[in-house]
Amino acid sequence: MKITEITIRHLKMKLKAPFTTSFGTFDDRDFLVLEAKDASGTIGWGESVAFHSPWYNEETLQTNWHMLEDFLIPLILHKEIKHPDEVNELFKPIRKNNMAKSTLEGAIWDIYAQQTNQSLAAALGGNKDKIEVGISIGIQQSIEDLVGLVDGYVKEGYKRMKIKIKPGWDVDVMRTLRETFPDVAFMADANSAYSLADADTLKQLDAFNLTMIEQPLASDDIIDHAKLQELINTPICLDESIHSLEDARKAVELGSTRIINIKIGRVGGLTEAKKIHDYCESNNIPVWCGGMLESGIGRAHNVALTTLANFILPGDTAGSNRYWEKDVIEPEVVAQDGYIQVSQKAGIGFDVNVDTINSFTVAHKTYK
Ligand SMILES: O=C(O)CCC(=O)c1ccccc1C(=O)O
Ligand SMILES: [Mg+2]
């Protein structure tokens, strides 16, 4: 393929309900969507999962736009590409900026899958026809509100509940949930809200049989996580600290993580995500697919990735209706009884509704 035209759009979509983590609250979701066209007219879609502000990591929607316009798009436009894995190599001279890289790489994977007449899932080497999903639940005003929400999601069939925690919203919350729902699979995600000095608090969570605790300590740490894992029984799962196969290897070798949350954007694209998956599979480290409050485009990429064999634990790829009044793809992603059916259609497996995209677009630019 030879990419001849790329359009970047900045979309603003309203979340159905605000989503609160230890680092802040999201009311709206601002993000970039990238449309790439190749010389034969095939169109591929990618989504930047960077947020409006650098809360989760250092990238933002605007830094992604800058990196794409000034560095990444020029490396790709009018170049002959045989396989999307080449994109990972072409981007190597550019350090980090993984979410920006992933935006363009994802669109190229979509085109490649269409041109080889297979689903993105199949192109990646996945073979599940449905995937198991859980749901991530933000910090609430009260424990009663949280119990009510969890009850609803249990009834919808979600396979595991991820509860956002922070100091002061942790042990009592998890105790109440465990007492109220003895058989539900719970995990906690702290988004780096603690330090090693909080080990005693985190140790108390061992009583609630959590599947794992996600990123309790600093977003750039793998040393203290290894020390913490020696002190607690609950398996640690790293999210923010893992940006590459090399990061994954070091964290696993140090004993900093027993499970890895793979986010396509955070690791710079599907090729790197697959490498981390394969490494973890050989080292008995289960993985699961994280979420970044994606629109249907990013969600479709997540569903495809999750079809790889070592995605053993339910991911955060909940149905479109958990986030949006109207998603940008057709059909929307539907989670039923905790499963999402994997589309067998060529490419990302969903039709992108360009009218809907345009209705959410606040800025756009085309590169040729
Ligand atoms: O539902 C989702 O998309 C996952 C939500 C989630 O947990 C999350 C949302 C925003 C930023 C970071 C995270 C995270 O996984 O840490
Ligand atoms: Mg997380």
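Please read all numbers here as calculations on a predicted model, not as lab measurements.

Peer 1: Could you give an account of the site of ligand 1, with specific residues and numbers?
Peer 2: Near ligand 1 lie 18 residues; those nearest to it are Ser136, Lys164, Asn191, Leu293 and Tyr323. In the model, an oxygen atom of ligand 1 is placed 3.3 Å from a nitrogen or oxygen of the Met292 main chain. Separating an oxygen atom of ligand 1 from a backbone N or O atom of Leu293 is a distance of 2.8 Å. Coverage of ligand 1 by the protein amounts to 100% of the 390 Å² it exposes when considered alone. Across the shell around ligand 1, the residue classes tally to seven nonpolar, three polar and eight charged. In this structure, the shell around ligand 1 is formed jointly by two domains, domain 1 (3–117 + 354–367) and domain 2 (122–351), each of which donates at least three residues.

Peer 1: Kindly report on the UniProt feature "domain: Mandelate racemase/muconate lactonizing enzyme C-terminal" (unreviewed entry) in the chain, identifying the contributing residues and their values.
Peer 2: According to UniProt, the feature "domain: Mandelate racemase/muconate lactonizing enzyme C-terminal" (unreviewed entry) maps to residues 143–235 in the numbering used here. Taken as a whole, residues 143–235 contains 42% helix and 11% strand, while its terminal C-alpha atoms sit 24 Å from one another.

Peer 1: Residue-level account of the pairing of strand 7 (residues 186–189), with values.
Peer 2: Regular strands show a simple pattern: their side chains alternate between the two faces of the sheet. The side-chain alternation of strand 7 yields two buried faces, one formed by Phe186 and Ala188 and the other by Met187 and Asp189. Alignment of strand 6 (residues 161–164) against strand 7, held across four bridges, turns out to be parallel. Paired with Lys162 across the strands is Met187, a residue of strand 7. Between the parallel pair strand 6 and strand 7, the chain is carried across by helix 6 (residues 171–180), and the sense of this crossover is right-handed. Relative to strand 8 (residues 213–214), strand 7 runs parallel, the two sharing two bridges. The residue of strand 8 that forms the bridge with Asp189 is Glu214. Considered for its hand, the β-α-β crossover made up of strand 7, helix 7 (residues 199–204) and strand 8 is right-handed.

Peer 1: Residues and numbers for the sheet that holds strand 1 (residues 3–21), please.
Peer 2: Across the sheet, four strands lie side by side as 3-2-1-15; this open sheet has antiparallel pairing. Either end of the sheet is taken by a strand with one partner, and the two such strands are strand 3 (43–47) and strand 15 (361–367). Between one strand axis and the next, the sheet turns by 20° as a mean value, whatever way the strands run. For strand 2 (residues 24–38) and strand 3, the ladder comprises five bridges, and the chain directions are antiparallel. Pairing of Leu34 across the sheet is with Gly46, part of strand 3. Taken strand by strand, helix 11 (residues 296–306) contacts strand 2 and strand 3, and its axis lies near 95° from that of strand 3.

Peer 1: Quick one: what's the story with the sheet that holds strand 10 (residues 259–262), residue by residue and with numbers?
Peer 2: The parallel open sheet is built from seven strands, whose spatial order is 5-6-7-8-9-10-11. Across the chains shown, the open sheet's two edge strands, defined by having one partner strand only, are strand 5 (135–137) and strand 11 (287–289).

Peer 1: Explain the packing of helix 1 (residues 61–76) against helix 3 (residues 98–115) residue by residue, including any values.
Peer 2: When two helices pack together, their arrangement is given by the angle between the helix axes and the distance between those axes. As a packed pair, helix 1 and helix 3 sit with axes 9 Å apart at the nearest point and diverge in direction by 45°. In terms of their interaxial angle, helix 1 and helix 3 are classed as oblique. The crossing of helix 1 and helix 3 is right-handed. Residues Asn64, Met67, Leu68, Leu72, Ile73 and Ile76 of helix 1 pack against Met99, Ala100, Lys101, Thr103, Leu104 and Ile108 of helix 3.

What counts and how
- The numbers attached to residues start from 1 for each chain and follow its sequence in the written order.
- A letter from A marks each chain and a number from 1 marks each ligand, given out in the order of writing.
- With pLDDT at 70 or above as the cut-off, local features in this predicted model cover only qualifying residues; side-chain atom pairs require 80 or more to be listed or tallied, and sums for whole chains, interfaces and linings still use all residues.
- Think of the side-chain values as coming from all heavy atoms in the structure, minus any hydrogens and water.
- Distances are taken per atom, and a residue is near a molecule or strand as soon as one of its heavy atoms is within 4 Å of it.
- Two N or O atoms count as a polar contact when they lie within 3.5 Å, although within protein this holds only if one can serve as hydrogen donor and the other as acceptor, and sequence-adjacent residues are included solely when both atoms are side-chain atoms.
- Shrake-Rupley sampling with a 1.4 Å probe provides the accessible areas, and residues are treated as covered by the protein chains on show and by no other component.
- Amino acid classes used here: Ala, Val, Leu, Ile, Met, Phe, Trp, Tyr, Cys and Pro are nonpolar; Asp, Glu, Lys and Arg are charged; the rest, including Gly, are polar.
- For every domain, the bounds stem from an assignment made automatically or drawn from a database.
- UniProt positions are given in the numbering used here, feature names are shortened, and annotations may be inferred rather than shown by experiment.
- Secondary structure counts use DSSP, requiring at least four H or I residues in a row for a helix and at least two E residues in a row for a strand, with both numbered from the N terminus.
- Burial classes follow relative accessibility: with a 1.4 Å probe on protein chains only, a residue under 20% of its type's maximum area counts as buried, one over 50% as exposed, and anything between as partly exposed.
- In this analysis, strands are considered paired if DSSP registers two or more bridges between them.
- Looking down the strands as they point away from the viewer, one classifies a crossover as right-handed if the path from the first strand across the helix to the second runs clockwise.
- The axes used here are C-alpha line fits, helices contributing only the stretch in contact, and every angle between their N-to-C directions lies in the interval 0 to 180 degrees.
- Whether two residues are in contact is decided by their heavy atoms, any of which lying within 4.5 Å being enough.
- In this scheme, roughly parallel covers angles under 35 degrees and roughly antiparallel covers those over 145, while 65 to 115 is roughly perpendicular and the rest are oblique.
- Two helices cross in a left-handed way if the nearer one is turned anticlockwise from the farther one by less than a right angle. They cross in a right-handed way if the turn is clockwise.

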